[in-house]
Amino acid sequence: MTDTNLPVEPDGHGETDVVPTSGFATRQGMWSAGSGDTSGYGGINRTLEMPGSSQPPFGDPFDAIHARALEVLPSLQGARVLFHAGELTIFVDRAELKSVVAQFRDDAFLRFEVCLSVSGVHYPEQTGAELHAVYDLISYTHNRRVRLEATCPESDPHIPSIVATYPMADWHEREAWDMFGIIFDGHPALTRILMPDDWAGHPQRKDYPLGGVDIEYKGAWVPSPDNRRTYS
């Protein structure tokens with residue numbers, strides 16, 4: 001494991017300097033607090049912290065992608081960038097997201113024709129940016145990838161839909177709404193995709209209560225998580 005406090009020479013496949021932000025929580029054991037950890041790792045104590053920004057050079061082709069993005073999208077000047085494990089993530093203000101993805105698709109040098117996925121993430125400790133939407137883009141023309149990330153607060157969980165630019169993001173945005181409660185403004189039909197239409201809440205948020213229903217499996221009943229035996 002690389003110590004992120006130490007500089008690593010960029011080679012196009014590893015990391016550049018990533019300065020962690022201050023820790024926002026501590027965790028003991030292999031699992032989250034209160035889970036009845038039976039893994040034998042209860043003595044592990046970890047500080048949870050968000051990574052800060054990376055500074056170029058990142059190595060090819062990431063330097064070229066980043067430089068071209070700044071050239072055609074002045075709104076990205078000063079935007080946070082994270083380069084880790086050979087992957088480049090550019091953080092985008094949600095108000096600029098639609099214009100950013102259009103340029104990433106249409107610019108001849110960038111030419112990211114496909115959005116592979118839209119994923120939701122919930123960081124309840126990140127005040128004012130608790131909800132994240134992560135966009136994995138791929139360029140078949142140039143055989144390279146980039147990741148975009150936009151955030152919004154729980155109190156105003158709105159991010160513009162990118163379905164008009166990437167139609168295949170339709171179901172991905174519906175899942176991120178269903179599981180995390182991110183409202184993708186402009187989506188053609190933002191309805192639940194996994195849970196019933198009348199389901200209350202968004203099950204993959206960190207603060208969602210651990211519960212559920214008993215499940216029948218091969219003639220036996222598996223109790224829901226909130227009714228299972230604890231070992232603490």
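Residues numbered from 1 in each chain as written. Predicted model: local features only at pLDDT ≥ 70, side-chain atom pairs only at ≥ 80, totals over all residues. Heavy atoms only, no water.

Peer 1: Please clarify how the overall build of the protein should be interpreted in this entry.
Peer 2: For the protein, the count of helices and strands is 3 helices and 13 strands. Taking all contacts inside the protein whose residues are at least 6 apart in sequence as the whole, residues at least 24 apart take part in 53%. Of the roughly 13400 Å² of accessible surface on the protein, a fraction of 53% belongs to carbon and sulfur atoms. (Helix = DSSP H or I, 4+ residues; strand = E, 2+ residues; numbered from the N terminus. Contact = heavy atoms within 4.5 Å. Areas by Shrake-Rupley, 256 points an atom, 1.4 Å probe, with all protein chains shown as cover.)

Peer 1: Help me out: how do you make sense of unusual backbone geometry in this one?
Peer 2: A negative phi angle characterises most non-glycine residues, just as the trans form characterises most peptide bonds. Between P56 and the following residue, P57, the backbone shows a cis peptide bond with an omega angle of 10°. As for its placement among the helices and strands, P57 is situated in the loop between β4 (51-54) and α1 (62-72). At the junction of D60 and P61, the peptide bond is cis and its omega measures out at 0° in the coordinates. Mapping P61 onto the fold places it in the loop between β4 and α1.

Peer 1: I keep staring at the packing of aromatic side chains and nothing clicks. Help me out?
Peer 2: Each aromatic ring pair is characterised by the separation of its centres together with the angle its planes make. A complete count under the given rule lists 3 aromatic pairs for this structure. A centroid spacing of 4.9 Å and a plane angle of 55° characterise the contact between F62 and F83, whose relative ring orientation is tilted. Placement of F62 in helix α1 and of F83 in strand β5 (residues 81-84) is noted, with a sequence separation of 21 residues between them. Residue F62 shares its accessibility class with F83, and that shared class is buried. Ring centres of F104 and F112 lie 5.8 Å apart, and the angle between their planes is 35°; on these two criteria the pair is classed as tilted. Judged by its relative accessible area of 0%, F112 is buried. (Phe/Tyr/Trp six-rings, centres within 6.5 Å; stacked < 30°, edge-to-face > 60°. Buried < 20%, exposed > 50% of the residue type's maximum accessible area, 1.4 Å probe, protein only.)

Peer 1: I'm lost on a nonpolar patch on the surface in this one. Help?
Peer 2: A cluster of nonpolar side chains, namely V213, I215, Y217 and V222, defines an oily patch on the protein surface of about 390 Å² accessible area. Inspection of the secondary structure assignment puts V222 in strand β13 (residues 220-222). (Patch = residues over 30% accessible without salt bridge, like charges linked within 9 Å, V, L, I, M, F, W, Y side chains within 5 Å. Salt bridge = Lys/Arg side-chain N within 4 Å of Asp/Glu carboxyl O.)

Peer 1: Mind showing me how you'd approach the sheet that holds strand β7 (residues 114-122) here?
Peer 2: Hydrogen bonding along the main chain pairs the strands of a sheet, whether they run parallel or antiparallel. Pairing is mixed across the open sheet formed by 5 strands, whose spatial order is β5-β6-β9-β8-β7. What marks the edges here is a single partner per strand, and that holds for β5 and β7. Pairwise comparison of adjacent strand axes, ignoring direction, gives a mean angle of 20° for this sheet. Lying on the sheet, helix α2 (residues 97-106) is in contact with β6 (87-91), β8 (131-139) and β9 (144-152); it crosses β9 at an angle near 175°. (Pairing = 2+ DSSP bridges. Axes fitted to C-alpha atoms, helices over the stretch in contact; angles between N-to-C directions.)

Peer 1: Would you take a moment to explain the pattern of salt bridges for this structure?
Peer 2: Side-chain pairing between opposite charges can occur once the charged atoms of the two side chains come close. If you walk through the whole model with that rule in mind, you get 7 salt bridges. Ionic pairing is found between D106 and R105, a salt bridge with its closest N-O pair at 2.6 Å. On the accessibility criterion, D106 (39% relative accessible area) is partly exposed. Overall, the relative accessible area of 27% leaves R105 in the partly exposed class. Here the salt bridges do not stand alone but share partners, grouping R68, E71 and D107 into one network.

Peer 1: How do you make sense of the nonpolar core when you look at a structure like this?
Peer 2: Among the nonpolar cores identified, the biggest contains 37 residues, and L88, F104, Y135, L137, L148, I159 and I162 are the most heavily contacted of them. Those elements that place two or more of their residues in this core are α1, β5, β6, α2, β7, β8, β9 and α3 (170-180). Residues contacting L137, with those up to four places away along its chain left out, are F104, F112, V114, C115, R144, R145, V146, L148 and Y166. (Core = buried A, V, L, I, M, F, W, Y, C linked by side-chain atoms within 4.5 Å.)

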